[in-house]
Amino acid sequence: MSNFKFQVINPLLHSELRLKIMVALDSLESADFMYLCQITDSTRGNVSTQITTLKDAGYIDVSKMGIGRFSRTTCSITALGREALRAYEEGLRRLFSQQVPSQHDEQASEAG
């Protein structure tokens, strides 16, 4: 059996919405929660859930200003988040450049 395995990419960043949030924050110094909802075309609930996941991973910082309904949530990417995003991008490049052994080659190596 072959030792070939596909390049592993960060499953945390492989979510479309989390990836959009990370790419946006990588481009901006910080972003308001409602702006992230707008540019990702996602609901507040979905964005909130993904922000929590990214915050828990240490990929973004979240700050809240104000009180109650009038609070403003702002997000910014961390150094760890930038590093993870760059590694994810490189992982995708390597994934697409991998040479997958043909099925014939696999069967020949198993028989040999």
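This report concerns the structure included in the present document.

Criteria and cut-off values
Chains are numbered independently. Their residues run from 1 in the order of the written sequence. Side-chain atom pairs in this predicted model are given and counted only at pLDDT of 80 or more, local residue features only at pLDDT of at least 70, and totals for whole chains, interfaces and linings cover all residues. Each side-chain value is derived from all of the structure's non-hydrogen atoms; neither hydrogens nor water enter the calculation. Strand pairing requires that DSSP identify at least two bridges connecting the strands. Per the convention used, a helix needs a DSSP run of H or I reaching at least four residues, while a strand needs a run of E reaching at least two, with both numbered from the N terminus. We call two residues in contact when some of their heavy atoms are within 4.5 Å. In this description, a line fitted to the C-alpha atoms serves as the axis of each element, helices being fitted only across the stretch in contact, and the angle between N-to-C directions of two axes falls anywhere from 0 to 180 degrees. Angle categories: roughly parallel below 35 degrees, roughly antiparallel above 145, roughly perpendicular from 65 to 115, and oblique for all the rest. Helix crossings fall into two classes, left-handed where the near helix is turned counterclockwise from the far one by less than a right angle and right-handed where it is turned clockwise. Under the grouping applied here, Gly and all other residues not named as nonpolar or charged are polar, the nonpolar ones being Ala, Val, Leu, Ile, Met, Phe, Trp, Tyr, Cys and Pro and the charged ones Asp, Glu, Lys and Arg. Among buried residues, the Ala, Val, Leu, Ile, Met, Phe, Trp, Tyr and Cys ones that are joined through side-chain atoms within 4.5 Å form a nonpolar core. Accessible area is worked out with a 1.4 Å probe on protein chains only. A residue is then buried under 20% of its type maximum, exposed over 50%, and partly exposed in between. Between the first and last residue of a helix there are one fewer steps than residues, each counted as 1.5 Å, and that sum is the expected span. What the arc describes is the spread of directions from the helix axis to the C-beta atoms.

A look at the sheet that holds strand β2 (residues 60-65)
Point 1. The strand order β1-β3-β2 describes an open sheet built from three strands, whose pairing is antiparallel. Each of the sheet's edge strands pairs with one partner strand only, and the pair in question is β1 (31-32) and β2.
Point 2. In terms of strand pairing, β2 meets strand β3 (residues 72-77) through six bridges, oriented antiparallel. Paired with K64 across the strands is T73, a residue of β3.
Point 3. Running over the sheet, helix α1 (residues 16-27) touches β1, β2 and β3 and is turned about 80° from β3.

Here's the deal with the packing of helix α2 (residues 33-40) against helix α3 (residues 44-56)
Point 1. Here α2 crosses α3 at 110°, and the two axes come no closer than 10 Å. In terms of axis orientation, α2 runs roughly perpendicular to α3. Taken as a pair, α2 and α3 cross one another with a handedness that is right-handed. Listed contacts from α3 to F33, M34, L36, C37 and T40 of α2 are R44, V47, S48 and I51.
Point 2. Residues of the contact of α2 with α3, tallied by class, amount to six nonpolar, two polar and one charged.

Regarding the nonpolar core
Point 1. Judged by nonpolar contacts, the single largest core of 21 residues is most densely connected at L13, I21, M22, L25, L36, V47 and I51.
Point 2. The set of elements that each furnish at least two residues to this core consists of α1, α2, α3, β3 and α4 (79-97).
Point 3. When residues of this core are assigned to their parent elements, the largest contribution, five residues, is made by α1.
Point 4. Once residues lying within four places of it in the same chain are set aside, the contact partners of L25 are A31, L36, I60, C75, S76, I77 and R82.

Describing α1
Point 1. Its 12 residues give α1 an end-to-end C-alpha distance of 17 Å, which sits within 8% of 16 Å, the value for a rise of 1.5 Å per residue.
Point 2. Where α1 is concerned, the buried positions are L17, R18, I21, M22, A24 and L25. Down the axis of α1, the buried side of the element spans an arc of 165°, and every buried residue falls inside it. In α1, the exposed residues that point more than 90 degrees away from the buried face are E16 and S27.
Point 3. Summarising the contacts, the buried residues of α1 are in contact with β1, α2, α3, β2, β3 and α4.

Purely geometric numbers; function is a separate question.
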